[in-house]
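Topology and contacts: notes
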Amino acid sequence: MDKRPIRSGYAIFIPTLCQGTMPSCYEEDHASVFATEVEAQREIADHQLIRIQQFLDGERDFEDAMTSEEYILPVDVWPDGRISTEEGRLYGKQE
């Protein structure tokens, strides 16, 4: 049995049609977890800047570049890398 404690953090999520709310940012095969909400906000902002630059470069249309459905939720991080939300939903490895 793993004796490492469960820790708290923040993860970025996106709504999907088939699976409901899902993590949208991964490191290797687990959801990325940020120590603070501000760090997670900065990650979303960084992705938004990339999308805007892609619009300016003619690689995306305007609506796609300006729209982001990502949001941040507090999560618990389990010793095996899984995360869970306050609602009790558990997310494992990226498939």
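In case you missed it, the structure is sitting above this.
Scope of this entry: the structure provided in the associated data block. Within each chain, residues carry numbers counting from 1 in the order of the written sequence. For a predicted model such as this one, the threshold for reporting local features is a pLDDT of at least 70, and the threshold for listing and counting side-chain atom pairs is 80 or more; totals across whole chains, interfaces and linings nevertheless cover every residue. By convention in this description, side-chain values take in all heavy atoms of the structure and omit both hydrogens and water.

Time to look at the overall build of the chain. A count of helices and strands for the chain gives two helices and seven strands. Counting from the N terminus, the helices are the DSSP runs of H or I reaching at least four residues and the strands are the DSSP runs of E reaching at least two. Along the chain, helices and strands appear, N-terminal first, in the series β-β-β-β-α-α-β-β-β. In terms of overall dimensions, the chain has a C-alpha envelope of 50 × 30 × 25 Å along the principal axes. Exposure is judged per residue with a 1.4 Å probe applied to protein chains only, and the accessible area is read against the type maximum: over 50% gives exposed, under 20% gives buried, and values in between give partly exposed. Counting over 95 residues, the chain shows a buried share of 25%.

All right, on to the pairing of strand S2 (residues 20–23) then. Across four bridges, strand S1 (residues 7–16) lies against S2 in antiparallel orientation. Bridge assignment links Thr-16 to a residue of S2, and that residue is Gly-20. Strands are treated as partners if at least two bridges between them are detected by DSSP. Hairpin remark: S1 followed by S2, antiparallel, with three residues in the connecting loop.

Before going further, it helps to examine the pattern of salt bridges. Note on pairing: side chains with opposite charge can pair once their charged atoms come close. In the sections that follow, a salt bridge refers to a side-chain nitrogen of Lys or Arg positioned within 4 Å of a carboxyl oxygen of Asp or Glu. Using the criterion set out here, one finds three salt bridges in the structure. The closest approach of N and O atoms between Arg-60 and Asp-64, which form a salt bridge, is 2.6 Å. The exposure class of Asp-64 is partly exposed, given its relative accessible area of 37%.

Before going further, it helps to spend a moment on helix H1 (residues 37–56). Taking 1.5 Å of rise per residue, the 20 residues of H1 would be expected to cover 28 Å, and the 29 Å separating its terminal C-alpha atoms lies within 8% of that figure. Ala-40, Ile-44, Gln-48 and Arg-51 are the residues of H1 that are buried. Buried residues of H1, viewed axially, fall in a sector of 80 degrees; they line one side. The exposed set on the far side of H1, more than 90 degrees from its buried face, consists of Arg-42, Leu-49 and Leu-56. The contact rule is simple, with two residues in contact once any of their heavy atoms fall within 4.5 Å. Residues of H1 that are buried in the fold lie against S1, helix H2 (62–66) and strand S5 (71–77). Following H1 by one or two positions, Gly-58 has its phi on the positive side, about 80 degrees. Working rule for helices: expected span equals 1.5 Å times residues minus one. Starting at the helix axis, one direction is taken to each C-beta atom, and the arc is that of these directions.

With respect to the secondary-structure elements, His-30 resides in strand S4 (residues 30–31). What makes His-30 buried here is its relative accessible area of 19%. What qualifies as a polar contact is a pair of N or O atoms within 3.5 Å, subject to a donor-acceptor requirement within protein and to the restriction that residues adjacent in sequence count only when both atoms come from side chains. A polar side-chain atom of His-30 sits 3.3 Å from the main-chain carbonyl oxygen of Asp-80. Ignoring any residue separated from it by four or fewer positions in sequence, one finds His-30 in contact with Asp-80, Gly-81, Arg-82 and Lys-93.

Let us now look at the environment of Ser-84. With respect to the helices, strands and loops of the structure, Ser-84 is situated in strand S6 (residues 83–85). What makes Ser-84 buried here is its relative accessible area of 7%. For the pair formed by Ser-84 and Pro-74, sequence separation is ten residues and the distance between their alpha carbons is 8.7 Å. Aside from chain neighbours lying at most four places away, what touches Ser-84 is Pro-74, Val-75, Asp-76, Trp-78, Arg-89 and Leu-90.

Any functional reading would require information that these geometric values do not contain.
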